[in-house]
Amino acid sequence: MNPALTVVKSTDPTATARRRDIRGASVQSQILSKSLQFTVRPFLTVWAQAPSLPWPMGLVDYAGLLVPQISGTTRSRVMLAECEAEWIRAEGTGSDRVVLYMHGGAFVCCGLRTHRRMTSRVSENIDGAVLSVNYRMMPRNPISHAVEDGVDAYRFLLDSGYRPEQIVLGGDSAGGYLAFMVALALRTVDLPAPAGIFTMSPLTDMDPSGKLDHENASKCSIFPPNAVPALTALADRVDARIVVEGQRGPRVSPVDSDLAGMPPVLIQVGSTEMVYADAELMAQRLAVAGVECELQVYEDQVHVFQAADFVPEARRALRAIGEFARNVSPRRES
């Protein structure tokens, strides 16, 4: 399945989503930002110079063993059609709603382990289970295969007895891109829309120009400017191996898709992130399409700061995600 999506452009540049600016940066968040500037950012600078080399990206997921799930969380593995997934349930959570979660990692790394603590926090805050998807990644698979895996996970939830109004899609960074793309792909296979979508620091535009032209290109604590075009070029090379009717398909971005009829959306992003431009553009395009959307901008927070639950702003953001999920998928009447 390679979802065929209608490409549209905004016709109303004045349309705006609801925006909430969360001011202030804690000492913890400032320390985190500085540490990432001197660790992850230099590594990504080197990676971007030769992304096609056989980097041991599979080892990154094992780093997640250093940040285990929160105490009392239960988990179990399930097999989908082409990949694994994992049930995550924080202690004492209910059964009224579930999150289908797509992890970040630039489509090339991370997985169930790296995101286990954050997904357990999500479970705790939404008062429900999380199905975390270990989707297929580049360079062995094109991004479209990851979208297929997300659709398969959605089918699995429906087959498990969940109703669409109980399912919320979620994701961070590249997983935010996938959360939007899965929601769009559900239309092509005649599956009902979920109750809502939340994303953290989402990539929404595969065209790097908007990000590179933004002032945050030099401010981001994690991504150097050369990482963005390198990722796009890698995705193009992988996609070039998938030939449909003799031609490569167009690069598809959520911001350029027909967004009309999408469920309510929550987007969270840091004010100095590289993908701030993507988050802002996606919120605007959703508003143009008439979709209920709230853009929450956290001052000076790093990319996917929600993963660092020792940071006060992370805990606040996760509580906001829980509130969003409970609003779009309220508790069933007994």
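First things first, this report covers the structure right here in the doc. Model, not experiment: these values are computed from the prediction.

What follows covers the pattern of salt bridges. By the definition in use, this model includes 22 salt bridges. Within this structure, Arg-75, Arg-77, Glu-84, Glu-86 and Arg-116 form a network of salt bridges that share partners.

This part is about a nonpolar patch on the surface. On the surface, Leu-59, Tyr-62 and Leu-65 cluster together into a nonpolar patch covering about 340 Å² of accessible area. With relative accessibility at 45%, the residue Tyr-62 sits in the partly exposed group.

Turning to the environment of Glu-84, a few remarks are in order. Its place among the elements puts Glu-84 in strand β3 (residues 84-89). Through-space distance from the C-alpha of Glu-84 to that of Asn-134 is 5.4 Å; in sequence the pair is 50 residues apart. Look past the residues within four positions of Glu-84 in its chain and what remains in contact with it is Arg-77, Val-78, Met-79, Val-133 and Asn-134. Polar side-chain contacts of Glu-84 include one of 2.8 Å to the side chain of Arg-77.

On to the packing of aromatic side chains, then. Tallying each qualifying case throughout the model produces 5 aromatic pairs. Here the aromatic rings of Trp-87 and Tyr-162 are separated by 6.2 Å at their centres, their planes lie at 35°, and the arrangement is tilted. Of the two residues, Trp-87 is situated in strand β3 and Tyr-162 in the loop between α4 (143-159) and β6 (167-172); the sequence distance between them amounts to 75 residues. We note that Trp-87, like Tyr-162, is buried. Plain terms: the ring middles of Tyr-298 and Phe-305 are 5.0 Å apart, the flat faces sit at 50° to each other, and that makes the pair tilted. With respect to burial, Tyr-298 and Phe-305 carry one shared label: buried.

The strand order β1-β9-β8-β7-β6-β4-β5-β3-β2 describes an open sheet built from 9 strands, whose pairing is mixed. On the outer flanks of this sheet lie β1 (18-22) and β2 (74-79), each paired with one strand and no other. In this sheet, neighbouring strand axes are inclined to one another by 20° on average, regardless of whether the strands run parallel or antiparallel. Where strand β7 (residues 196-200) lies against strand β8 (residues 265-270), 4 bridges are found, and the strand directions are parallel. Each bridged residue has a counterpart across the sheet, and for Met-200 the counterpart in β8 is Gln-268. Lying on the sheet, helix α8 (residues 276-288) is in contact with β1, β8 and β9 (293-298); it crosses β8 at an angle near 155°.

Turning our attention to unusual backbone geometry. The omega angle of the peptide bond from Met-138 to Pro-139 is 5°, so this bond is cis rather than trans. Mapped onto the elements, Pro-139 comes out in the loop between β5 (129-134) and α4. One non-glycine residue, Asp-127, lies in positive phi territory at about 60°. As for its position among the elements, Asp-127 is in the loop between α3 (116-126) and β5. For Val-304, which is not a glycine, the phi torsion comes out positive at approximately 50°.

Secondary-structure assignment places Glu-273 in the loop between β8 and α8. Owing to a relative accessible area of 1%, Glu-273 belongs among the buried residues under this scheme. Sequence separation between Glu-273 and Val-302 is 29 residues; the distance between their C-alpha atoms is 6.3 Å. With sequence-adjacent residues up to four places away left out, Glu-273 is seen in contact with Ser-201, Asn-216, Cys-220, Gln-301, Val-302, His-303 and Val-304.

The subject of this paragraph is helix α2 (residues 40-49). Three or more residues of α2 are buried, namely Arg-41, Leu-44, Trp-47 and Ala-48. Buried residues in α2, looked at end-on, bunch into an arc of 120°, giving them a common side. As for α2, its buried residues are in contact with α1 (27-37) and α7 (227-240).

Per the counting criterion, the structure on display carries 0 disulfides. Looking at the unpaired Cys-110, the closest cysteine sulfur is the one in Cys-109, lying at 3.9 Å. A disulfide-free cysteine, Cys-220 has its sulfur positioned 15 Å from the sulfur of Cys-109, the nearest such atom. Take Cys-220: its relative accessible area is 3%, and that puts it in the buried class.

This brings us to the pairing of β6. Looking along a regular strand, one sees the side chains alternate between the two faces of the sheet. Within β6, 6 of the 6 residues are buried, leaving the element largely enclosed by the surrounding structure. Inspection of the sheet shows strand β4 (residues 98-102) paired to β6 by 5 bridges, in the parallel sense. Paired with Tyr-101 across the bridge in β6 is Gly-170. As defined by bridge partners, β6 adjoins β7 across 5 bridges and the pair is classed as parallel.

With that settled, the discussion passes to the side chain of Asp-172. Inspection of the secondary structure puts Asp-172 in strand β6. No salt bridge forms around the buried Asp-172; measuring N to O, its nearest opposite-charge neighbour Arg-116 is 13 Å away. In terms of polar contacts, Asp-172 uses its side chain to reach the backbone amide nitrogen of Gly-104, at 3.1 Å. Setting aside anything within four residues of it in sequence, one finds Asp-172 in contact with Tyr-101, Met-102, His-103, Gly-104, His-115, Met-118, Met-200 and Val-304.

Calculation criteria
- Residues numbered from 1 in each chain as written.
- Predicted model: local features only at pLDDT ≥ 70, side-chain atom pairs only at ≥ 80, totals over all residues.
- Heavy atoms only, no water.
- Salt bridge = Lys/Arg side-chain N within 4 Å of Asp/Glu carboxyl O.
- Patch = residues over 30% accessible without salt bridge, like charges linked within 9 Å, V, L, I, M, F, W, Y side chains within 5 Å.
- Areas by Shrake-Rupley, 256 points an atom, 1.4 Å probe, with all protein chains shown as cover.
- Buried < 20%, exposed > 50% of the residue type's maximum accessible area, 1.4 Å probe, protein only.
- Helix = DSSP H or I, 4+ residues; strand = E, 2+ residues; numbered from the N terminus.
- Contact = heavy atoms within 4.5 Å.
- Polar contact = N/O pair within 3.5 Å; in protein donor to acceptor, adjacent residues only side chain to side chain.
- Phe/Tyr/Trp six-rings, centres within 6.5 Å; stacked < 30°, edge-to-face > 60°.
- Pairing = 2+ DSSP bridges.
- Axes fitted to C-alpha atoms, helices over the stretch in contact; angles between N-to-C directions.
- Arc of directions from axis to C-beta.
- Disulfide = S-S within 2.5 Å.
- Lys, Arg positive; Asp, Glu negative; His and termini not counted.

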